[in-house]
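# Structural overview
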Amino acid sequence: MSENLSPIDEAKANAGRKAVEFVEDGMKVGLGTGSTAAWMVRRLGERVRDEGLKIVAVPTSSRTAALARDVGIRIITLDEAKWLDLTIDGADEFDAEMNLIKGGGGALLQEKIVATASDKMIVIADAAKEVAHLGAFPLPIEVIPFGAEVTRGLVEELLGAFDVMGRNTTIRMSGDQPFRTDEGNFIIDLHLGRIGNPRQLALMLNQVPGVVENGLFVDICDRVVIGHADGRVEVRDIHDLSIDVSETLIAETGNIFSGIGD
């Protein structure tokens, strides 16, 4: 694609390019947040500009909204859309059952709301994001600022009853201040190592007072698009257990993905 891209960025860009092939005229589309989703948003903007693709989109963060506007995608709110045909987003980890950890970019609450308000969710990722068991990537939970340390203590106590390797937790920082989500909340990262039962843990974390939402996405993803640096793209569908491998067609003129970083 470009000699200026790293192999990991090549893989992310290939996944994003393939995923937007599933977007059709007239769709209402959820746009994810993060470095991999940014490749997809740029490619979708290219289709809007060059092919006259007519869509409206609901972004999952202020960063994604700004990028979508920059590339010419019409933005609406989720309340205006009411329901979406498709959401395309990245993931920090995914397993064989297409359970996900999301929230590395701090947008897990809006991402989960948008994904569950969609007929289908497509996850785009490089091959390194696939794991045998979730948990190597820290699991984020969004909490309200009031009593955040108390909430953190309650979560650590709860983890003692679950099949996880570690129970260390940290409040995510931005410089010398706690990181703030678009809703003004804090993020607590759970360093678990391995999660034995993601479904059960997701349900119980949300019962802790102060926890708004957690980054475990269980029974939400329908399809995973895995990009590789050599141009191969693997598409897995959870409903028919199909696996399709193809190669992306790389445009020779220019690099539409220049300037993207996260």
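Residues numbered from 1 in each chain as written. Predicted model: local features only at pLDDT ≥ 70, side-chain atom pairs only at ≥ 80, totals over all residues. Heavy atoms only, no water.

## Thoughts on the confidence of the model for the chain
Applied cut-off: Each residue carries a pLDDT score, the predictor's own confidence in it, on a scale running from 0 to 100. Residue contacts are defined here by distance: any two heavy atoms, one from each residue, within 4.5 Å place the two residues in contact.
Looking at the chain, pLDDT values average 93 and 92% of them are 70 or higher. The low-confidence segment residues 249-262 (pLDDT under 50) makes 26 contacts with residues lying over four places distant or belonging to another chain.

## Quick look at the sheet that holds strand 1 (residues 28-31)
Operational definition: Here, a strand pair is defined by DSSP locating no fewer than two bridges between the strands. Numbering of helices and strands runs from the N terminus; a helix is a DSSP stretch of H or I covering at least four residues, while a strand is a stretch of E covering at least two. Each axis is a line fitted through C-alpha atoms, and for a helix only the stretch in contact is used; angles between axes span 0 to 180 degrees, taken between their N-to-C directions.
Taken together, 7 strands build an open sheet; the order of strands is 2-1-3-6-14-15-16 and the sheet is mixed. The open sheet has two edge strands with one neighbour each: strand 2 (56-59) and strand 16 (243-247). Neighbour to neighbour, the strand axes of the sheet diverge by 20° on average, direction disregarded. Here strand 6 (residues 118-126) pairs with strand 14 (residues 223-227) via 5 bridges, running parallel. Its bridge partner lying in strand 14, Asp 126 is registered against Gly 227. Packing of helix 1 (residues 7-19) onto the sheet brings it into contact with strand 3 (84-89), strand 6, strand 14, strand 15 (232-237) and strand 16, and relative to strand 6 it is tilted by some 155°.

## A short note on the packing of helix 2 (residues 35-51) against helix 3 (residues 62-70)
Quick reminder of the rule: Orientation labels follow simple angle bins: below 35 degrees gives roughly parallel, above 145 gives roughly antiparallel, 65 to 115 gives roughly perpendicular, and whatever is left gives oblique. The handedness criterion is simple: a crossing whose near helix is rotated anticlockwise from the far helix by less than a right angle is left-handed, and one whose near helix is rotated clockwise is right-handed.
Look at helix 2 against helix 3: their axes get within 9 Å of each other, and the N-to-C directions meet at 25°. On the basis of the axis angle, helix 2 is roughly parallel to helix 3. Relative to helix 3, helix 2 is oriented so that their crossing is right-handed. Seen from helix 2, the contacting residues are Ala 38, Val 41 and Arg 42; seen from helix 3, they are Thr 64, Leu 67 and Ala 68.

## Remarks on the packing of aromatic side chains
Defined as follows: Geometry of aromatic contacts follows a simple scheme: Phe, Tyr and Trp rings, the Trp one being its six-membered ring, pair when their centres are within 6.5 Å, and the pair is stacked under 30 degrees between planes, edge-to-face over 60, tilted otherwise. Sitting over a ring, as applied to charges here, requires NZ of Lys or CZ of Arg to be within 6 Å of the ring centre and within 35 degrees of the ring normal.
What the rule picks out here adds up to 0 aromatic pairs. Its guanidinium or amino end placed over the ring of Phe 217, Lys 102 lies 5.7 Å from that ring's centre, counting from NZ or CZ. Just above the ring of Phe 179 sits the side chain of Arg 172; from NZ or CZ to the centre is 5.8 Å.

## Focus: the environment of Lys 54
Note the cut-off: Only protein chains enter the area calculation, which uses a 1.4 Å probe; residues under 20% of their type maximum are buried, those over 50% are exposed, and those in between are partly exposed.
Locating Lys 54 in the fold gives a position in the loop between helix 2 and strand 2. Looking at Lys 54, the relative accessible area reads 60%, which means it is exposed. For the pair Lys 54 and Ile 113, spaced 59 residues apart in sequence, the C-alpha to C-alpha distance is 24 Å.

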